[in-house]
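Structural characterization, general
Below, each chain spelled out in residue letters.
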Amino acid sequence: MLPIIYHSNGLFDILIKLGVKTVINARMKWKQAEQTENHQLIQELSKELSYSTLFISLCLQRGLDTKEKIQSFLHPNEERIYDPFLMHDMDRATERIMTAIESGDKIVIYGDYDADGVTSTSVLLETLEMIGANVDFYIPNRFTDGYGPNSKAFEKLIEEGCQLIVTCDNGVSGHEAIKRAKELGVDVVVTDHHELPEELPEAYAIVHPRHPAGKYPFGDLAGVGVAFKVATALLGEIPIELLDLVALGTIADLVSLRDENRVLVTQGIELLKQTQRLGLTALYETAGLKKAELNEESVGFIIGPRLNAPGRLGDATPAVRLLTTFDESEAQSIAQFIQEKNEERQQYVKKITDEAFDMLEKIDTSSDVYVLAKEGWHEGVLGIVASKVVGKTGKPAIILNIDHENGTAKGSGRSVQAFHLYEALDTVRPLTLAFGGHHMAAGLTVPSENIEQIRSKLNDYATAQQLAGQMGEEIRVDKVVTEEDLTIETVEELKQLAPFGTDNPKPTFQLNNVLVQTVRKIGADGTHLKMSVQLEQTSLDTIGFGFGELADRISGNTRLSTVGKLEINEWNGARKLQLRIEDIAVKETQCFDYRGTQIPETLWNKPNADFVFFDSHNYEQYQEKVSSASKAYLIQTRKDAKQFMMENTLLILVDCPPSLTVLSLLMEHNEPENILYSFHSKTNDYLEGMPNRQHFADIYKFICSHQNIDVKNQLNILAKTLRMKENRVIFILQVFFEVGFVKIENGLLNRVETNEKKDLKQSITYQKKMQRIEAEEKLVYSHAWEVEQWLMNQITTSE
């Protein structure tokens, strides 16, 4: 079994050609879902409902532990669509809207620029038009208006004759703008689903599924879900024909797909498959989608991003026009426009992501939080880029665009489960101009001069929280499967759990210790991986999108473990089972980079660890700091290294070894579960380098022309005379002494008369410095993945 590394060099290619297995580490942490121990219940439900035990076990993981719960989940119906008047202020909101309609007052729907916002706007627009309202809509511009109610935008709408504003997918944080509208004599009805602030705005009505004064039984509606409830209340019946829009916005906004949302999305997807909306039909065509094959994945990964694209880059108004138009020519024109905007968005994302990855290669790899900033980055796509950085590094990332004109930087952050991004940003609040968000994501604006301070303090926060060993994205594994589970029938059965999404993820399965039969790169640029793996009796095809680089590091007959999702690959009428890879691992050992200018204080409190020191001064200074539940060792010689046997599963390498050989011997007979490495070095042998031939020649000439050189008392004068650093002079004199070129008696140095040629490399001092240079180059100054590759190779070479 082997670990995994993602980067490549010439040595890797040579090893592969020689048939030597290489090292690869899992990109994510594989978190096993809690498994029920009630095997009798699984067997009973399996028999009673005629489902496989695998299917029933997945139901139990979702809290579906009775026949009734399972059947209700698998057959969602309108009984789970709740009474809209259970929601706070619904009666007040609808009465105000109906009064405006009856009076002929102009109503403006104030939406949002993302997919949830434009579908919410479309639902309310069509509903109000249906009942004869004088209605228009306004989508704020991300860059000029910002998110949510904007005072200037409200003033302009009112100046143009607006007499009632109805927000959707925003509003609960719009205190200033709503107050301004009230001052101008215009009521605002808020419909929203975002987090409620402690103090709510002075709106005429606030319709929100989680309002503390309401009695609504389901709090996870998307903005479009709330708009749909308002539409239901206004019409006096459930407007089934609007569920296609509800499904689009709900899926795109990544809200829970349980309870009422499951009903709305399930029925909405069926409508999307047979939509009569001209705009959606045109959008399907430009995206290359077939109506009959549409599902939650194509909505989430193909339709959703296209509806988001206009608002990311500018004005989202065309997205509403697309969804509501009755003009075929207009539909095709807007669909093409949105397609072009999406391609433009993809180009921005690729360019900025490439630049961000280049920046990662040049910065301190020991950072726990990445803050990357540059002028000219498009603010509308920085959240996507941040997600890609998190995916690559497993660490939180904040991506900022610098605006030199006003001295600010604005952007987005994404995080991992172990790092609460909002709480971390709250610790640097005085250094920001504005920020908002939650555990996993945030948006912020900061003075550009504060970027470095923010980066430093966020990393200090991560260190103080002892998060270094906890970083990395997690992937939930529903079950470790065996060959008998891997059938087309299993996939067909699992489809009944769809639609998949938040709180109802598509099952992810783990295959352990399978043998690779074939492996190759696929795709125009070889970015994807195609493998066939051997099971006990049969083989299984696998595909890994974005894993192409691993093809050069996995040889036939390698045993590996993988996690992924089962699917059916259909080609030329044939149907074949396939695993879509989400991660690969060949060994469980994990490495964590603690390198820096100082040995981090957080190192010492690690329990159940073996601390290895190579420097006796460090050992004497720090051994008392080591946790009582751990053990400290001083390793200085090859003999020490050979005799070292770990007592714990965590290995901590405190400082830089005197040579790579010593560390290799130490690792040879040990296999830690985790390695933390600091490799602190008091010397700078690698940076100083080995003295060149001229340095040796200059000192030797000086010795030949001088006698009784007082190296004991006047070494500093000698160094100044030779224009060399004192430590370099000492090193060269020591080398000369060891090869017999000079002698030192009573502190006085003289040349030894000899015609014998001697190799300076025979000097022990010379050899030790070369070994220190090699060790520092590999362990102190190399990229983290190169260090981890080397460490893992030391373990595997002894297997």
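Within every chain, residues take consecutive numbers counted from 1 along the sequence as written. For a predicted model such as this one, the threshold for reporting local features is a pLDDT of at least 70, and the threshold for listing and counting side-chain atom pairs is 80 or more; totals across whole chains, interfaces and linings nevertheless cover every residue. Side-chain numbers come from the whole structure's heavy atoms, not from hydrogens or water.

**Things to note about the overall build of the chain**
Going by this rule: Numbering goes from the N terminus for both helices and strands, where a helix is a DSSP run of H or I of at least four residues and a strand is a run of E of at least two. Throughout this description, buried means an accessible area under 20% of the type-specific maximum (1.4 Å probe, protein chains only), exposed means over 50%, and partly exposed covers the range between. Under the convention used here, a 1.4 Å probe and the Shrake-Rupley method define accessible areas, while residue burial counts only the protein chains that appear. As used throughout, the charge tally considers Lys and Arg to be positive and Asp and Glu to be negative, leaving His and the chain termini uncounted. By convention, charge coordinates are those of NZ in Lys, CZ in Arg, CG in Asp, or CD in Glu.
The helix and strand inventory of the chain stands at 28 helices and 26 strands. Expressed as lengths along the three principal axes of its C-alpha atoms, the size of the chain is roughly 115 × 65 × 50 Å. Put simply, the chain has 799 residues, and 54% of those count as buried. About 37000 Å² of surface is accessible on the chain, with carbon and sulfur atoms providing 46% of the total. Of the charged side chains in the chain, 83 are positive and 116 negative; the average position of the first set lies 8 Å away from that of the second.

**What to know about the pattern of salt bridges**
The criterion, for reference: Between Lys or Arg on one side and Asp or Glu on the other, a salt bridge is scored when a side-chain nitrogen of the former is within 4 Å of a carboxyl oxygen of the latter.
In this structure the tally under the stated criterion is 35 salt bridges. The salt bridge involving Lys576 is made with Asp541; its shortest N-O contact spans 3.2 Å. Placement of Lys576 in strand β18 (residues 574–585) and of Asp541 in strand β16 (residues 539–544) is noted, with a sequence separation of 35 residues between them. Taking the relative accessible area as the measure of exposure, Asp541 reaches 17% and is therefore buried.

**Overview of the confidence of the model for the chain**
Note the following rule: Along the chain, pLDDT gives the predictor's confidence residue by residue, from 0 to 100. Residues count as neighbours in contact if any of their non-hydrogen atoms are within 4.5 Å of one another.
With 94% of its residues at a pLDDT of 70 or more, the chain has an overall mean of 89. Across residues 1–22 the pLDDT falls below 50, and counting only partners more than four positions away or on other chains, this stretch makes 70 contacts in the model.

**Comments concerning the packing of helix α2 (residues 39–49) against helix α4 (residues 67–74)**
Our working rule: Between N-to-C directions, angles cover 0 to 180 degrees, with each direction set by a line fitted to C-alpha atoms, over the stretch in contact for helices. The scheme is simple: roughly parallel for angles under 35 degrees, roughly antiparallel for over 145, roughly perpendicular for 65 to 115, oblique for anything else. Crossing handedness follows the turn of the near helix against the far one: under a right angle anticlockwise gives a left-handed crossing, and clockwise gives a right-handed one. Residues are grouped as follows: Ala, Val, Leu, Ile, Met, Phe, Trp, Tyr, Cys and Pro are nonpolar; Asp, Glu, Lys and Arg are charged; every other residue, Gly included, is polar.
Two numbers describe how α2 lies on α4: the axes approach to 11 Å, and their chain directions differ by 55°. Considering the angle they form, α2 stands oblique to α4. You can see that α2 and α4 cross each other, and the crossing is right-handed. On α4, the residues that touch Leu45, Glu48 and Leu49 of α2 are Lys67, Ile70 and Gln71. Its residues assigned to classes, the contact of α2 with α4 comprises 3 nonpolar, 1 polar and 2 charged.

**Digging into the environment of Glu293**
Structurally, the position occupied by Glu293 is in the loop between α12 (278–287) and α13 (296–313). What makes Glu293 exposed here is its relative accessible area of 54%. When the C-alpha atoms of Glu293 and Glu34 are compared, they prove to be 33 Å apart, with 259 residues separating the residues in sequence.

**Description of the sheet that holds strand β10 (residues 434–437)**
Quick reminder of the rule: The pairing criterion for strands is at least two bridges between them, as found by DSSP.
Read from one edge to the other, the open sheet built from 5 strands follows the order β7-β8-β9-β11-β10, with strand pairing classed as mixed. A strand with exactly one partner marks an edge of an open sheet, and here the two such strands are β7 (370–375) and β10. Each adjacent strand pair in this sheet contributes to an overall mean axis angle of 15°, direction not counted. Note: strand β9 (residues 408–414) against strand β11 (residues 441–447), 7 bridges, orientation antiparallel.

**Comments concerning the side chain of Ser659**
Among the structural elements, Ser659 can be located in the loop between β22 (650–655) and α22 (660–668). Ignoring anything within four residues of it in the chain, the contact list for Ser659 reads Gln771 and Ala775.

**Regarding the sheet that holds strand β3 (residues 134–138)**
Spatially, β3-β2-β4-β5-β6 is the arrangement adopted by the 5 strands of the open sheet, whose pairing is parallel. On the outer flanks of this sheet lie β3 and β6 (205–207), each paired with one strand and no other. Here the average twist between neighbouring strands, direction ignored, is 20°. With 3 bridges joining them, strand β5 (residues 187–191) and β6 adopt parallel strand pairing. Each bridged residue has a counterpart across the sheet, and for Val189 the counterpart in β6 is Ala205. Contacts between helix α7 (residues 151–159) and the sheet are confined to β2 (106–110), β3, β4 (164–168) and β5, with β2 contributing the most and set at about 155° to the helix.

**Concerning the nonpolar core**
The criterion, for reference: Put simply, buried Ala, Val, Leu, Ile, Met, Phe, Trp, Tyr and Cys residues joined by side-chain atoms within 4.5 Å make one nonpolar core.
Membership of the largest hydrophobic core comes to 72 residues, with the highest contact counts inside it found for Ile97, Ile107, Ile109, Leu128, Leu248, Leu272 and Leu307. Considering every element that reaches this core, the biggest residue donor is helix α9 (residues 223–235), with 8 residues. Those residues in contact with Leu307 that lie beyond four places of it in its chain are Ala115, Leu248, Leu283, Ala319, Leu322 and Leu323.

**Focus: the pairing of strand β25 (residues 742–745)**
Sheet topology note: the β25/strand β26 (residues 748–751) ladder contains 4 bridges and is antiparallel. In the sheet register, Ile744 faces β26, and the bridge partner there is Leu749. Where β25 folds back on β26, the antiparallel hairpin that results is connected by 2 residues, among which Asn746 adopts a positive phi of roughly 55°.

**Some remarks on a negative patch on the surface**
Inclusion rule: Without a salt bridge and with relative accessible area above 30%, a residue can belong to a patch; like charges are then joined within 9 Å and nonpolar side chains (Val, Leu, Ile, Met, Phe, Trp, Tyr) within 5 Å.
Side chains of Glu129, Asp136, Glu159 and Glu160 sit close together on the surface and give a patch of like negative charge. The residue Asp136 is located in strand β3 in this model. Here Asp136 falls in the partly exposed class, since its relative accessible area comes to 33%.

**Some words on α9**
Selection rule: For a helix, the expected span equals 1.5 Å multiplied by the residue count minus one.
Between its first and last C-alpha atoms α9 spans 18 Å; for 13 residues at 1.5 Å apiece the expected length is 18 Å, and the two agree. By the criterion of burial, α9 is predominantly enclosed, with 12 of the 13 residues buried. Among the structural elements, α5 (90–103), α6 (115–130), β5, β6, α10 (243–252) and α11 (259–273) are those in contact with the buried residues of α9. Gly236 sits one or two positions beyond α9 and adopts a positive phi of about 80°.

**With respect to unusual backbone geometry**
Keep in mind that most residues, glycine aside, have a negative phi and that most peptide bonds are trans. With an omega of 5°, the peptide bond running from Ala498 to Pro499 counts as cis. Mapping Pro499 onto the fold places it in the loop between α19 (488–494) and β14 (509–522). In this model, Leu254 sits at a positive phi of 60°, which is unusual for a non-glycine residue. Tracing the backbone through its elements, the reader meets Leu254 in the loop between α10 and α11. A positive phi angle, close to 50°, is found at Asn708, a residue other than glycine.

**Brief notes about the packing of aromatic side chains**
The cut-off we apply is this: Here is the rule: rings of Phe, Tyr and Trp (six-membered ring for Trp) pair when centre to centre is within 6.5 Å. Planes less than 30 degrees apart are stacked, more than 60 are edge-to-face, and the remainder are tilted. Charge-over-ring placement is defined geometrically: NZ (Lys) or CZ (Arg) within 6 Å of the ring centre, and within 35 degrees of the ring normal.
Under the definition given, this model contains 18 aromatic pairs. Ring geometry for Tyr110 against Phe154: centres 5.0 Å apart, planes inclined by 85°, an arrangement best described as edge-to-face. Pair noted here: Tyr110 is in strand β2 and Phe154 is in helix α7, with a separation of 44 residues, a long-range link. Residues Tyr110 and Phe154 agree in their burial class; the two are buried. Each ring, one from Phe613 and one from Tyr619, has its centre 5.7 Å from the other, and the planes form 75°; the classification is edge-to-face. Members of the aromatic cluster, each reached through a chain of ring pairs, are Phe696, Tyr700, Phe731, Phe736, Phe741 and Tyr766. Just above the ring of Tyr204 sits the side chain of Arg96; from NZ or CZ to the centre is 6.0 Å.

**What to know about the side chain of Asn750**
This is how the line gets drawn: Whenever a nitrogen or oxygen atom comes within 3.5 Å of another N or O atom, the pair is scored as a polar contact, on the condition that within protein one atom can donate a hydrogen and the other can accept it, and that pairs from neighbouring residues in sequence are kept only if both atoms are in side chains.
Structurally, the position occupied by Asn750 is in strand β26. In terms of polar contacts, Asn750 uses its side chain to reach the backbone amide nitrogen of Asn708, at 2.6 Å. If sequence neighbours within four positions are ignored, Asn750 has contacts with Ile703, Gln707, Asn708, Val742 and Lys743.

**Here's the deal with the pairing of β5**
In regular strands, side chains alternate between the two faces of the sheet. Let me state the cut-off plainly: Orient the strands so they point away from the viewer; a crossover is then right-handed if the path from the first strand over the helix to the second runs clockwise.
Counting buried positions over the 5 residues of β5 gives 4, a clear majority of the element. Pairing between β4 and β5: 5 bridges, direction parallel. Bridging across to β5, Thr167 finds its partner in Val190. The parallel pair β4 and β5 is bridged by helix α8 (residues 175–183), and the resulting crossover is right-handed.

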